[in-house]
Amino acid sequence: MRTAVMTDSNSGITKSEAKELGIFSLPMPVIIDGEICYEGIDLTQERFYSSLTGGKDVTTSQPSPGEVIGMWDAIFAEGYDEIVHIPMSSGLSNSYESAAGLAADYDGRVQVADNHRISVTLRESVLEAKELADQGLSAKEIREELEIRAYESCIYITVDTLEFLKKGGRITPAAAALGAVLNIKPVLTIQGERLDAFAKVRGMKKGKHKMLEALKQDLATRFQGIEMSRIVIGAAGSGLGEEEEREWTETLKAAFPDATVYYNPLSFSIGSHTGPGAVGTAISIRRS
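Below you will find a few notes about this structure. (Residues numbered from 1 in each chain as written. Predicted model: local features only at pLDDT ≥ 70, side-chain atom pairs only at ≥ 80, totals over all residues. Heavy atoms only, no water.)

Once that is clear, we can look at the overall build of the chain. Scanning the chain from N- to C-terminus turns up 11 helices and 13 strands. Taken against the 2.2 N^0.38 rule, which gives 19 Å for 288 residues, the C-alpha radius of gyration of the chain at 19 Å falls within 12% of a compact globule. Its C-alpha atoms give the chain principal-axis dimensions of roughly 60 × 50 × 30 Å. Counting contacts in the chain only where the partners sit at least 6 residues apart, residues at least 24 apart contribute 74% of the total. Side chains of the chain carry 30 positive and 41 negative charges; the gap between the two charge centres is 7 Å. (Helix = DSSP H or I, 4+ residues; strand = E, 2+ residues; numbered from the N terminus. Rg over C-alpha atoms; globule rule 2.2 N^0.38 Å. Contact = heavy atoms within 4.5 Å. Lys, Arg positive; Asp, Glu negative; His and termini not counted. Charge placed at Lys NZ, Arg CZ, Asp CG, Glu CD.)

Laid out in structure tokens, this is it:
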């Protein structure tokens, strides 16, 4: 029994990286002034964020049914018997519901996992699924394992500008204007479902400090007793420069020296709401 693992670029895993990992990643579509582009294929971080800030009409979308089915059929054509498909959280997109509906026509050969994750936490789920597939678990068994452990993760993001939260209707224009004057930076969180408010701080430096405090609190409470060797700290950001990426990653490594720490850019689905300059972090728990 050969079980394939499939996700989308909301995991931060590009199509080329997926090939190296032995999995499959579906590029997410982004529409810029009516032109459909694909994350990690013909749309780079630089072009995406320059379009956001350059006054272009930018929207993100879920893959079409034809794109999803097309990849499934291509995977089966390679000789796989089953697929476990891991899209972004159902609390953030309709991708899961759409895929689950399509999978009904595949007689159980496609298992769609709703493990309530995105970005670096989704990436960890995908890597775990690949390990389980290599161990011989079925697609159904892998889906069930991912869903049982879905909430063993958390995400925090500090937004540098309120402009895109205003555009998305998450805050009022008056609140955005006042926040800009007072240098207020909202700290947002994803605890398995929606992108929600967590705290408000003055300046990005305090935002980073607040996120470090939140991670330490989660490790002391929600994840108490878990060995640090199983802890993965994801560093993330939207449209950051190489030096900014390095500094944030090194800050997290210094704060959590016994954990695995790495950097991965925020997916465009999140970046479209945060805008450029956002900085994030996350906790995921590895099985062993």
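Read on, since the account is not over.
With that settled, consider the sheet that holds strand 4 (residues 35–38). By definition, the strands of a sheet pair up through backbone hydrogen bonds, in either a parallel or an antiparallel sense. Spatially, 3 strands are ordered 4-3-5 in an open sheet, and the strand pairing comes out antiparallel. Looking along the sheet, the strands with just one partner apiece sit at the ends: strand 4 and strand 5 (58–60). Going from strand to strand, the sheet's axes swing by 25° on average, the running direction of each strand aside. Summarising the sheet, strand 3 (residues 29–32) and strand 4 pair through 4 bridges and their orientation is antiparallel. Paired with Ile 32 across the bridge in strand 4 is Glu 35. (Pairing = 2+ DSSP bridges. Axes fitted to C-alpha atoms, helices over the stretch in contact; angles between N-to-C directions.)

Now for the sheet that holds strand 13 (residues 279–285). Pairing within the open sheet is mixed, and its 6 strands lie in the order 10-9-8-13-11-12. In this open sheet, the two edge strands, each paired with only one partner strand, are strand 10 (195–202) and strand 12 (260–263). Taken over all neighbouring pairs, the strand axes of this sheet differ in orientation by 20° on average, direction set aside. By the bridge criterion, 7 bridges tie strand 11 (residues 231–237) to strand 13 in an arrangement that is antiparallel. By the bridge assignment, Ile 231 is partnered in strand 13 with Ile 285.

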